[in-house]
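Here's the letter readout for the chains.
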Amino acid sequence: MDLPVSLILALRQVERVAVLTGAGVSQESGLRTFRDPQVGLWAQYRPEELASPEGFARNPKLVWDWYAWRREAVKGARPNPGHYALAEMERRIAHFTLITQNVDGLHRMAGSQKVLELHGNIQRVRCSACGHPAETWENDLEGVPRCERCGGLLRPDVVWFGEALPRAELEAAVEAARTCQAFFSIGTSGIVQPAASLPFAARNNGAMVVEINLEPTPLTGKAHFFLQGKSGEILPALVRAVWPAERA
Ligand code: BJW
Ligand code: ZN
């Protein structure tokens, strides 16, 4: 695709950049996005019902098994060129903050050092009653493992609907959005709060907003640049255009 020259020139000047990523960034690593139609066993459930404390209370085994299935998919996944391009941007830009809604850990695997995981990490497990972290577990007779400390049900250490985001990560993300010169929103449908409000906070504070997505989202009309396509193709092309080899 042809990248706008004005965007390339602007990115050579900025020193403070914040990036928000969503499930679309990992789609080219073979992971399903959140609002893709579910498949197989899960086709009859909406992710919103599974990713909630109410869903877990109603049917802990169903929710545990869904996360166990996704955890296995994540274990087999590797970063794609979009993840690597973002790690490269971190090395090129003085103040760079990567904010992700993804729970898959692929940004760190690609070499990104500073990652704010707003919705937790699927590889971590903790007790739903006392919060105690669990390294290993065995399913009990009902099919959901229990806490070694208090006997409560174990759950993934992710943020479900209606739950608070980790405070330090959210505060750092809001600060980065408010103070950056350029804000990227990449591979996210932009409908889940509070993450969805970050690009608007950036824009209201004067940042240039760049969106990369296969489809328009509620942000598109407010973005200064909308680059339509796959992040695994657009991001490496952008990095090559902004920092060509001879400028390295
Ligand atoms: C590509 C691509 C490619 C594909 N290249 N692009 C009414 C108004 C406002 C707010 C609310 C409201 N009612 C309820 C709320 C609050 C609620 C909310 O926002 N609900 C909305 C749905 C309406 N939010 C919450 O409950 C949050 N907590 C909260 O508000 O707490 C308040 C509180 C304070 C103090 C005490 C207590 C409470 C928590 C939200 C947690 C969200 N959790 C999940 C699950 C995480 C674990 C897991 O992974 O299972 O997070 S839900 C799910 O959505 C997941 C994702 O991180 C998140 C965002 O999804 P994402 O990443 O955008 O994925 P998709 O699938 O939606 O989009 C993919 C995009 O990629 C698409 O646009 C594609 O086009 C694109 N794409 N391939 C580029 N190759
Ligand atoms: Zn416990």
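What counts, and at which threshold
Residues numbered from 1 in each chain as written. Chains lettered and ligands numbered in written order. Predicted model: local features only at pLDDT ≥ 70, side-chain atom pairs only at ≥ 80, totals over all residues. Heavy atoms only, no water. Near = heavy atom within 4 Å. Polar contact = N/O pair within 3.5 Å; in protein donor to acceptor, adjacent residues only side chain to side chain. Areas by Shrake-Rupley, 256 points an atom, 1.4 Å probe, with all protein chains shown as cover. Helix = DSSP H or I, 4+ residues; strand = E, 2+ residues; numbered from the N terminus. Nonpolar A, V, L, I, M, F, W, Y, C, P; charged D, E, K, R; others polar. Donors = N, O, S within 2.8 Å, 3.2 Å for Na, K, Ca; no water. Tetrahedral: all angles 85-135°; square planar, octahedral: opposite > 155°, others 65-115°. Phe/Tyr/Trp six-rings, centres within 6.5 Å; stacked < 30°, edge-to-face > 60°. Buried < 20%, exposed > 50% of the residue type's maximum accessible area, 1.4 Å probe, protein only. Lys NZ or Arg CZ within 6 Å of the ring centre and 35° of its normal. Axes fitted to C-alpha atoms, helices over the stretch in contact; angles between N-to-C directions. Parallel < 35°, antiparallel > 145°, perpendicular 65-115°, else oblique. Left-handed = near helix turned anticlockwise from the far one by under 90°. Contact = heavy atoms within 4.5 Å. Salt bridge = Lys/Arg side-chain N within 4 Å of Asp/Glu carboxyl O. Pairing = 2+ DSSP bridges.

**Student:** Help me understand the site of ligand 1 in this model?
**Tutor:** In the region of ligand 1, 33 residues are neighbours, and Arg35, Tyr67, Arg70, Ser189 and Asn213 sit closest. The separation between a nitrogen atom of ligand 1 and a polar side-chain atom of Gln27 is 2.7 Å. Take His119: an N or O atom from its side chain is 2.8 Å from an oxygen atom of ligand 1. A total of 1,500 Å² of accessible area belongs to ligand 1 in isolation, and the protein chains cover 72% of it. Of all elements in the fold, only helix H2 (24-27) and helix H5 (60-75) reach the threshold of two or more residues within the shell around ligand 1. Looking at the shell around ligand 1 residue by residue, the classes come out as 13 nonpolar, 14 polar and six charged.

**Student:** I keep staring at the coordination of the zinc ion (ligand 2) and nothing clicks. Help me out?
**Tutor:** Within the protein, the atoms that donate to the zinc ion (ligand 2) are Cys127 (SG), Cys130 (SG), Cys147 (SG) and Cys150 (SG), at distances of 2.3 to 2.4 Å. Metal-centred angles of 99 to 116 degrees between the four donor atoms at the zinc ion (ligand 2) mark the site as tetrahedral.

**Student:** Is there a simple way to explain the packing of aromatic side chains in this structure?
**Tutor:** Geometrically, a pair of aromatic rings is defined through the distance of the ring centres and the angle of the planes. Across all of its chains, the model carries five aromatic pairs by this definition. Consider the rings of Trp64 and Trp137, whose centres lie 5.8 Å apart with planes at 90 degrees: the pair is edge-to-face. Of this pair, Trp64 sits in helix H5 while Trp137 sits in the loop between strand E5 (133-134) and strand E6 (154-158), placing them 73 residues apart in sequence. Note on Trp66 and Tyr67: the rings are 4.9 Å apart at their centroids and 75 degrees apart in plane angle, and the pair reads as edge-to-face. The two residues Trp66 and Tyr67 agree in class, both being buried. Here the aromatic cluster, defined as three or more aromatic residues joined through ring pairs, consists of Phe34, Phe56, Trp66, Tyr67 and Trp160. Note that Arg71 overlies the ring of Trp64, its terminal NZ or CZ placed 5.2 Å from the centroid.

**Student:** Sorry if this is basic, but what is going on with the packing of helix H1 (residues 5-13) against helix H10 (residues 231-242) here?
**Tutor:** Relative placement of two packed helices is described by the angle separating their axes and the distance separating the axes. Remark: H1 packs on H10, axes separated minimally by 9 Å, with the N-to-C direction vectors making an angle of 70 degrees. Taken together, the axis directions place H1 and H10 in an arrangement best described as roughly perpendicular. In this structure, H1 meets H10 at a crossing whose hand is right-handed. Contacts from Leu7, Ile8, Leu11 and Arg12 of H1 reach H10 at Leu238, Ala241 and Val242. Of the residues in the contact of H1 with H10, the class split is six nonpolar, no polar and one charged.

**Student:** Hey, could you run me through the pattern of salt bridges in this one?
**Tutor:** Any two side chains of opposite charge can pair if their charged atoms end up close together. Per the counting criterion, the structure on display carries eight salt bridges. In this structure, Glu163 and Arg155 form a salt bridge, with 2.7 Å as the shortest nitrogen-oxygen distance.

**Student:** How do you make sense of the sheet that holds strand E4 (residues 120-127) when you look at a structure like this?
**Tutor:** Strand pairing in a sheet relies on backbone hydrogen bonds, with the paired strands running either antiparallel or parallel. Taking strand neighbours across the sheet as the criterion, the three strands line up as E5-E4-E6 in an open arrangement whose pairing is antiparallel. With one partner strand each, in any of the chains shown, E5 and E6 form the two edges of the open sheet. When E4 meets E6, the two strands line up antiparallel, connected through four bridges. The residue bridging Arg126 from the neighbouring strand is Arg155, located in E6. Relative to E4, H5 is tilted by about 140 degrees, and along the sheet it contacts E4 and E6.

**Student:** What exactly am I supposed to notice about unusual backbone geometry here?
**Tutor:** Keep in mind that most residues, glycine aside, have a negative phi and that most peptide bonds are trans. With an omega dihedral of 0 degrees, the bond running from Gln193 to Pro194 counts as a cis peptide bond. Among the structural elements, Pro194 can be located in the loop between strand E7 (182-186) and helix H9 (198-204).

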